[in-house]
Amino acid sequence: MTPSPTPHRLGSKPSLDAVRAPYLDQLFRSWQRCLEDYHLKPSEASEPALVATHDLQQRLQQHSDVIACAHDEMEALFQLLSDAKCAVVLTDSDGVILHMVTSTEFAQQGHPLGLRIGGAWNERAAGTNGMGTCLATQRPIVVHREDHFFNRLSQFTCTAVPMIDPLGDMVGVLDITSLSPLMQPTQLKLLELTVQLIENRLLACRYKDCYMVRFHTQSERLFTQFEGRLAVNETGQVLAANRQAWKALGFQSLATMRHQRLEDIFQSSLPSMLQSSAEAHFHPVQRSQTGPQSLFHVVAQQPFRAKTKQQMTPQWASEGASLSPAYCIQDTRLIGQLSTACRVMSLKTPLLLSGETGSGKEVFAKTVHSRSPCAQGPFVAINCASLPANLI
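Computed from a predicted model, the values in this text were never measured in an experiment.

Considerations on the overall build of the chain
Working step 1: Looking only at helices and strands, one finds 14 helices and 12 strands in the chain.
Working step 2: Evaluated residue by residue, the chain yields a buried proportion of 44% over its 392 residues.
Working step 3: For the chain, contacts bridging at least 24 residues in sequence account for 56% of all contacts bridging at least 6.
Working step 4: A total accessible area of about 20600 Å² is found for the chain, and carbon and sulfur atoms account for 53% of it.

So this is what it looks like as structure tokens:
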């Protein structure tokens, strides 16, 4: 006789039903898979599943760009949570942990249970859990304490969100595992926002040689994690996008959107968008969508093409080269900042300099101007503090 896939633990906390309600069907089906497909037992005390060292190294190499894009965002999320008894965890699409941010205390507690880099947390290996069940359903999930299949994991509360790559394929899961006895719905929203940031970073990383088209119905949301982003080639064909893009444009998936041309999506071509964006100094330009006639604010940008070290080194960056008869740069940090500023100005992008009085902002600005596309024109300095209020 097959055990019931609805264990008493799934209904043992009536006070949490309202919070758990959206996930009860996922939890039920996960327990059912554990019992009927994987033939697991809740009281089973097997050793945690770990991948072999060479396998782990291959996975880390294969997902190095994902880890790099996630690293800073995971650190920021952990700091925001301000909870030493939790971990922010990144897995690949097989449920193998690739990166983890946590406290030393929590790492020591989770280590014997396989909560460490190289640990396998798919359902077949770890039963119902945040990372594994999220991968199985490709949907966000909260697994609270006794909702875990294995008794040994019932001390944890796991919140997990799936992560996709710029082609729409599942790339892994971002998870918060904690010892909190309470479910915290805000963690799910924080995870979703963090995943958006990571996915946008991954798009920019993998398609840095493509034209990037950013859009949103609200202009103030451009250049945030909420914007839609399209990576297109020189003919205006869509190669990749973030999930906000295909959802905002009414596509069911990224697969149905790829290889579309900008003219098929917006009532404008790539050259027209690039020209309008440059003329507006990369402030949003309104464009209509073909079909539903939604109005979007759009910014189109040229790709950042990698240059050789010689091309990246401006004339004034060589050792001892003078900025002017009165100035010489020897500070490597300042050389790097000037190099960045000159690249920004070469794209005709407005540049804001900030610093204390006397720190040399005007000297810096004059130097950048002398190496910008506007170098043939005059450098005009305006003292804004001296302008009468009635002129503004």
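Observations regarding the pattern of salt bridges
Working step 1: According to the stated counting rule, one finds 14 salt bridges in the structure shown.
Working step 2: For Asp165, the salt bridge identified is with Arg206, shortest N-O distance 3.9 Å. On the criterion of sequence distance, the pair formed by Asp165 in the loop between strand S4 (157–164) and strand S5 (170–178) and Arg206 in helix H8 (residues 185–206) is long-range, its members being 41 residues apart.
Working step 3: Exposure remark for Asp165: the relative accessible area of 11% places this residue in the buried category.
Working step 4: With a shortest N-O distance of 2.5 Å, Glu199 and Arg243 are connected by a salt bridge. Placement of Glu199 in helix H8 and of Arg243 in helix H9 (residues 243–248) is noted, with a sequence separation of 44 residues between them.

So, helix H7 (residues 130–137)
Working step 1: Extensive coverage of H7 is indicated by the burial of 6 of its 8 residues.
Working step 2: Every buried residue belonging to H7 is among Gly130, Met131, Gly132, Thr133, Cys134 and Leu135, and all of these are buried.
Working step 3: The distance from a side-chain oxygen at the start of H7 to the backbone nitrogen of Met131 is 3.1 Å, and the residue carrying that oxygen is Asn129.
Working step 4: Directly beyond the C-terminal end of H7, a positive phi value near 55° is found at Gln138.

Overview of the environment of Asn233
Working step 1: Position of Asn233 relative to the elements: it lies in the loop between strand S7 (228–232) and strand S8 (238–241).
Working step 2: Separated by 2.9 Å, the side chain of Asn233 and the backbone nitrogen of Gln237 make a polar contact.

What to know about the packing of helix H4 (residues 64–81) against H8
Working step 1: One way to put it is that H4 packs onto H8 with a least axis distance of 9 Å and a crossing angle of 155°. Comparing the axis directions of H4 and H8 gives the class roughly antiparallel. The handedness of the crossing between H4 and H8 is right-handed. Between H4 and H8, the contacting residues are Asp65, Val66, Cys69, Ala70, Asp72, Glu73, Leu77, Leu80 and Leu81 on the first element and Gln187, Leu190, Leu191, Thr194, Leu197, Ile198, Arg201, Leu202, Cys205 and Arg206 on the second.
Working step 2: Its residues assigned to classes, the contact of H4 with H8 comprises 12 nonpolar, 2 polar and 5 charged.

Considerations on the packing of aromatic side chains
Working step 1: For the structure on display, the rule yields 6 aromatic pairs.
Working step 2: Consider the rings of Phe149 and Phe150, whose centres lie 5.4 Å apart with planes at 80°: the pair is edge-to-face.
Working step 3: Residue classification places Phe150 among the buried residues on the basis of a relative accessible area of 1%.
Working step 4: Here the aromatic residues Trp31, Phe149 and Phe150 are joined through ring pairs into a cluster of three or more.

Section: unusual backbone geometry
Working step 1: The phi torsion at Ser82 lies on the positive side, around 50°, for a residue other than glycine.
Working step 2: Accessibility expressed as a relative area gives 64% for Ser82, which makes it exposed.

A look at the confidence of the model for the chain
Working step 1: In this model, the chain carries an average pLDDT of 84, and 84% of its residues clear a pLDDT of 70 or more.
Working step 2: Under a pLDDT of 50 for its full length, residues 11–16 has, in the predicted model, 5 contacts with residues more than four places off or in other chains.
Working step 3: For the stretch residues 306–327, pLDDT sits under 50, and the model shows 24 contacts to residues farther than four places along the chain or on other chains.

A few points about the nonpolar core
Working step 1: Ranked by size, the top nonpolar core spans 53 residues in total, and within it Leu90, Leu115, Met163 and Leu174 carry the most contacts.
Working step 2: If one sorts the elements of this core by residue count, H4 sits on top with 8 residues.
Working step 3: Excluding residues within four positions of it along the chain, Leu90 makes contact with Val66, Ile67, Ala70, Met74, Val96, Ile97, Leu98, His99, Met163, Val173 and Leu174.
Working step 4: Formed by 21 residues, the second largest nonpolar core is a distinct cluster that contains Phe215, Leu230, Leu249 and Phe296.

Here's the deal with the packing of helix H3 (residues 53–62) against H4
Working step 1: The contact between H3 and H4 brings their axes to 4 Å, and the two run at 65°. When the axes of H3 and H4 are compared, the pair comes out roughly perpendicular. Seen from H3, the contacting residues are Leu60, Gln61 and Gln62; seen from H4, they are Ser64, Asp65 and Ile67.
Working step 2: Here the contact of H3 with H4 is built from residues that sort into 2 nonpolar, 3 polar and 1 charged.

Here's the deal with the sheet that holds strand S2 (residues 97–102)
Working step 1: With antiparallel pairing, the 5 strands of this open sheet are ordered in space as S2-S1-S5-S4-S3. Both outer strands of the open sheet, S2 and strand S3 (141–144), are each paired with one neighbouring strand and no more. Within the sheet, the average angular offset between the axes of one strand and its neighbour, ignoring direction, is 20°.
Working step 2: In this sheet, S2 lies alongside strand S1 (residues 86–91) in antiparallel orientation, the contact comprising 5 bridges. Note that in S2 the partner of Val88 across the bridge is Val101.
Working step 3: Sheet strands touched by H4: S1, S2, S4 and S5. Its angle to S1, the strand with the most contacts, is close to 165°.

Observations regarding the pairing of S4
Working step 1: Most of S4 sits out of view: 8 of its 8 residues are buried.
Working step 2: Where S3 and S4 come together, 4 bridges link them in antiparallel fashion. The residue of S4 that forms the bridge with His144 is Thr157.
Working step 3: Across 8 bridges, S4 lies against S5 in antiparallel orientation. Within S5, the residue paired with Ala160 across the bridge is Asp175.
Working step 4: Linking S4 back to S5 in an antiparallel pair, the connection comprises 5 residues, with Gly168 at a positive phi of about 90°.

Reading guide: rules and limits
- Residues numbered from 1 in each chain as written.
- Predicted model: local features only at pLDDT ≥ 70, side-chain atom pairs only at ≥ 80, totals over all residues.
- Heavy atoms only, no water.
- Helix = DSSP H or I, 4+ residues; strand = E, 2+ residues; numbered from the N terminus.
- Buried < 20%, exposed > 50% of the residue type's maximum accessible area, 1.4 Å probe, protein only.
- Contact = heavy atoms within 4.5 Å.
- Areas by Shrake-Rupley, 256 points an atom, 1.4 Å probe, with all protein chains shown as cover.
- Salt bridge = Lys/Arg side-chain N within 4 Å of Asp/Glu carboxyl O.
- Polar contact = N/O pair within 3.5 Å; in protein donor to acceptor, adjacent residues only side chain to side chain.
- Axes fitted to C-alpha atoms, helices over the stretch in contact; angles between N-to-C directions.
- Parallel < 35°, antiparallel > 145°, perpendicular 65-115°, else oblique.
- Left-handed = near helix turned anticlockwise from the far one by under 90°.
- Nonpolar A, V, L, I, M, F, W, Y, C, P; charged D, E, K, R; others polar.
- Phe/Tyr/Trp six-rings, centres within 6.5 Å; stacked < 30°, edge-to-face > 60°.
- pLDDT = per-residue confidence, 0-100.
- Core = buried A, V, L, I, M, F, W, Y, C linked by side-chain atoms within 4.5 Å.
- Pairing = 2+ DSSP bridges.

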